[in-house]
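# Structure at a glance
Take a look at the letters that make up each chain.
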Amino acid sequence: MADSTEPARGADALLRARRTRVVVVGGGVAGLVSALEWAKIGAQVTVLDAAGRLGGSLETVLLDGIPVDLVADAFPAQAPALAGVIDELRLRADVDEAAPLPVWIAGPAVAGRASNAAPLPEATVLGIPSNAWADDVRRVIGWRGAWRAYLDRLRPPLTIGHERSLGRLVRQRMGDRVVDRLVAPVTRGLYGLDPDEVDVEAAAPGLSTALTRTGSLAGAVFDLLAPDGDGDGSATAPATRATLRGGSATAPATRATLRGGFGRLATALTERLLDLGADLRVDHRVTSLAAAPDGTWTVRAPAPDQAGDQAPDQATDAAAAVPSAASPPGEVVVEADVVVIATGARVAAALLDGAGIPVGADAPLAPVRDVVDLVVVTPALDGAPRGRAVYPVVAPGRAAPGAAGADTTPGVASAALSVTLPSAEWPSLAAAAGPGRHVLRVTLDADAARSDEATIDLARGGAAALLGVDLPEPHAAGRRTVVLEPPASRLGHAEHVTAVRGLTSAHPGLAVVGSWVAGSGVAAIVADALAENDRIRSAVLWPGEGAPTSDAGDESAGR
C-alpha cells in the first residue's frame, strides 16, 4: 500500500519544479533534450546557444530541391532512449529504415582511382574476420595475410582485459594485413580513430570475453556473429552483432533516419519547447559561469548587438534574464538553480575552469573535419555499385587521411576519409532525388584556409577516386566544418568522463552532457542526456530523499 504522504510529497516536488530556474548552455541535440526534460515538469527553462540556429549537428537543408542532412543523418534502429524521444515527439511514422547495402573498402589510388576496391567481408566485427580463408577476406588480405591470420588459431588466448587496444590485439593475433587493410579503414571511417586508439571492450562489447572462451580471435568474432549466441551474455552483445558486422545485401536494417531529414528531430524538439514556454535564444555565447554561496549559479552572455537580430520565438523573457547593474552594457545575466552545459569539450572546459572546476587538463585533442555534401547527376552511381559507403585503405608508409603529411591532391583516394551515399541508403531520399540524381557525403581533413570552392573540388575528386567513376560538376553542394569529439570507443574515454563527472557532481545543480562525454552518435548523446538530467532532477525534486517508487511520483517527475 502506498504511503499516505506520497501525494503531499508529489505536490511539493511539483512546486519545487515550477520554482526551479534552469539554464541550458548549448542548443544542439543534447541541450534540446535536456531542456525538454525540465520544461515538461514545469521548470523555468532558458536555452542559450552561440550559433545562429538551434540543432547543432542536426541540420537539414535543401540542395537542388532535395532535403539533405549536412552532418548527422542516422541513428541505430535499436536505440531505446532515442526511440522514446521520437515517440514522444510523434515522429515514429516518419522513421525511414536504411536499405541493406554493404560498406566497401578501397586501396591506394592508381592513376587517380582507388585500387583493389571490394566489399567489406561479411563475417567480420570491426573488420576482424571470423574466417581468414573466406574468399571475400583473402581478396583483401591475400594468401600471405590469410596464413598469418591463421596463426591466431594456434596462439594461446589472452586473459580478459589483458590488451585493451584493438589495433594491438588484432596485430598480435592476426598480423599487420588484417589491421591495415580491414580494421583500420573501418575504425577511421566509423570513429575517426586509428585501431591502436580504439578500446576493444567499448567498441566491441563481449569480444575479450569471447576470445578467452573460444581460444582465438576468429572464434570470438564467430561467437559474436552467431544468430543464436550473444557473446558474453550481456545486453550489449546483440547490438554488437547488428551494428558492427560486415556488409551484407540481405542483412536486416541496423540504421534509420527521418523522412524529410534528421534535422526534423531538432525542429520538433524546438517546437515542443516553445509550446511549453521555454525561452530559446540564439547568438548568445556564454562567456562565464559562477557559483554563489547559496548554491545558485550566474550565467553571463553578451546580448546580440541589436534586439532585431533575434527571431520572435527567441525573444527574451525579462523575468528570466535581465541586464545586471554590475555587468557591461548589453550583457545578459541569467540566474539559475540548475545549469546544464551542453557544448563541445573546449567551451565546456573553459566555462568549468572559469567556475573553479578544472576539467580541461586531460582532455584529448579533437580532430576537425570538413563534411561536404554533393548532389550529382550521373548514371554511373545507379544501383549503388559500391554500396552505401567506401572507406580508404592507407598504403604502407603513407600518412592516414586527416593526419599530418596526408596527401590532399585532388583525385587522390587518401584525400577523403570516407564517402557515403545517403541517396542509396535512405529510400525516402532516393525517391526525393529521383532517377539518376545522387547525394554524396565526403569527409575530409579540415583546412580553414581552403575556400568552399576548393574544398568542394577536393571532395568531388576524392569521391570519384573512391567510387571509381568520373563525377560531373555538382548541381549543388554544402560544406560544414565539424569538431569530432572523442568517441566513447577511444582508449581512456571512460576514465576521462568519470573524472569529469566526479568533479561536476560535487556541485549541486550542475550537469555536463554532449558528445564529448557521451561519445559520438545522436543515440548515445540522447541516452546520456536523459540519464544525467534524471540524476540531477531527482536531487532537485526530492532533496536528500531520492525519487519515490510509487507510480504517482514517477509521473510527477517526468521520464
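## Focus: the pattern of salt bridges
Per the counting criterion, the structure on display carries 31 salt bridges. Residue Arg537 pairs with Glu37 through a salt bridge whose shortest N-O separation is 3.4 Å. Placement of Arg537 in helix H18 (residues 522-541) and of Glu37 in helix H2 (residues 29-39) is noted, with a sequence separation of 500 residues between them. Accessibility assignment for this pair places Arg537 and Glu37 in one class, buried. Arg479 is the salt-bridge partner of Asp370, the closest N and O atoms lying 3.1 Å from each other. In this pair, Asp370 sits in strand E20 (residues 368-377) while Arg479 sits in strand E24 (residues 476-483), placing the two residues 109 residues apart along the sequence. Note on Asp370: relative accessible area 0%, which makes it buried.

## Side note on the packing of helix H5 (residues 166-174) against helix H6 (residues 176-191)
Geometry of a packed helix pair, given as the angle between the helix axes and the separation of the axes. Contact pair H5 / H6: the axes reach a minimum separation of 8 Å and the direction vectors enclose 150°. By the angle class used here, H5 and H6 are roughly antiparallel. In this structure, H5 meets H6 at a crossing whose hand is right-handed. Contacts between H5 and H6 pair Leu166, Gly167, Val170, Arg171 and Met174 from the former with Asp176, Val178, Val179, Asp180, Val183 and Thr187 from the latter. Within the contact of H5 with H6, the residues separate by chemical class into 6 nonpolar, 2 polar and 3 charged.

## Side note on the sheet that holds strand E21 (residues 389-392)
With mixed pairing, the 7 strands of this open sheet are ordered in space as E10-E7-E21-E22-E23-E20-E24. Two strands in the sheet have a free side with no partner beyond their single neighbour: strand E10 (118-119) and E24. As defined by bridge partners, strand E7 (residues 103-106) adjoins E10 across 2 bridges and the pair is classed as antiparallel. Looking at E10, one finds that Ile105 is bridged to Ala118. Packed onto the sheet, H6 meets E7 and E21 and runs at close to 115° relative to E21.

## Points about the packing of aromatic side chains
This structure, assessed with the given rule, holds 5 aromatic pairs. Measuring from ring centre to ring centre gives 4.8 Å for Trp133 and Trp147, while their planes differ by 85°; the resulting arrangement is edge-to-face. With Trp133 in the loop between strand E12 (128-129) and helix H4 (135-150) and Trp147 in helix H4, this pair connects stretches of sequence that are 14 residues apart. Accessibility expressed as a relative area gives 28% for Trp133, which makes it partly exposed. On the basis of relative accessible area, Trp147 is assigned to the exposed category, the value being 53%. The rings of Trp133, Trp143, Trp147 and Tyr150 are connected pair by pair, giving a single aromatic cluster.

## Focus on the environment of Glu122
Among the structural elements, Glu122 can be located in the loop between E10 and strand E11 (124-125). Look at Glu122 and you get partly exposed, because its relative accessible area is 34%. Expressed as a C-alpha distance, the spacing of Glu122 and Asp136, which sit 14 residues apart in the sequence, is 7.8 Å.

## Regarding the nonpolar core
Counting 53 residues, the largest nonpolar core has Leu82 and Leu265 as its most contacted members. Setting aside its immediate chain neighbours within four residues, Leu265 contacts Val29, Leu58, Leu82, Val85, Leu89, Leu91, Leu258 and Val522.

## Concerning a nonpolar patch on the surface
A cluster of nonpolar side chains, contributed by Trp143, Trp147, Tyr150, Leu151 and Leu154, occupies part of the molecular surface with about 580 Å² of accessible area. Mapped onto the elements of the fold, Trp143 is located in helix H4. According to the relative accessible area criterion, Trp143 is exposed, its value standing at 52%.

## Thoughts on the sheet that holds strand E13 (residues 255-258)
Taken in spatial order, the 3 strands of this open sheet run E5-E13-E6, and their pairing is antiparallel. Each end of this open sheet is capped by a strand with a single partner; those strands are strand E5 (75-76) and strand E6 (95-97). Looking at chain direction, E5 and E13 are connected through 2 bridges and run antiparallel. Paired with Phe75 across the strands is Ala256, a residue of E13.

## Some details on the confidence of the model for the chain
On average, residues of the chain carry a pLDDT of 82, and 79% of them reach 70 or more. Mean pLDDT values for the elements of the chain range from 35 in helix H19 (residues 551-556) up to 97 in H2. Low pLDDT, under 50, characterises residues 306-328; the predicted model gives this stretch 30 contacts beyond four residues in sequence or across chains. Every residue in residues 547-559 is under pLDDT 50, and counting partners more than four places away or in other chains gives 26 contacts.

About the thresholds
- Residues numbered from 1 in each chain as written.
- Predicted model: local features only at pLDDT ≥ 70, side-chain atom pairs only at ≥ 80, totals over all residues.
- Heavy atoms only, no water.
- Salt bridge = Lys/Arg side-chain N within 4 Å of Asp/Glu carboxyl O.
- Helix = DSSP H or I, 4+ residues; strand = E, 2+ residues; numbered from the N terminus.
- Buried < 20%, exposed > 50% of the residue type's maximum accessible area, 1.4 Å probe, protein only.
- Axes fitted to C-alpha atoms, helices over the stretch in contact; angles between N-to-C directions.
- Parallel < 35°, antiparallel > 145°, perpendicular 65-115°, else oblique.
- Left-handed = near helix turned anticlockwise from the far one by under 90°.
- Contact = heavy atoms within 4.5 Å.
- Nonpolar A, V, L, I, M, F, W, Y, C, P; charged D, E, K, R; others polar.
- Pairing = 2+ DSSP bridges.
- Phe/Tyr/Trp six-rings, centres within 6.5 Å; stacked < 30°, edge-to-face > 60°.
- Core = buried A, V, L, I, M, F, W, Y, C linked by side-chain atoms within 4.5 Å.
- Patch = residues over 30% accessible without salt bridge, like charges linked within 9 Å, V, L, I, M, F, W, Y side chains within 5 Å.
- Areas by Shrake-Rupley, 256 points an atom, 1.4 Å probe, with all protein chains shown as cover.
- pLDDT = per-residue confidence, 0-100.

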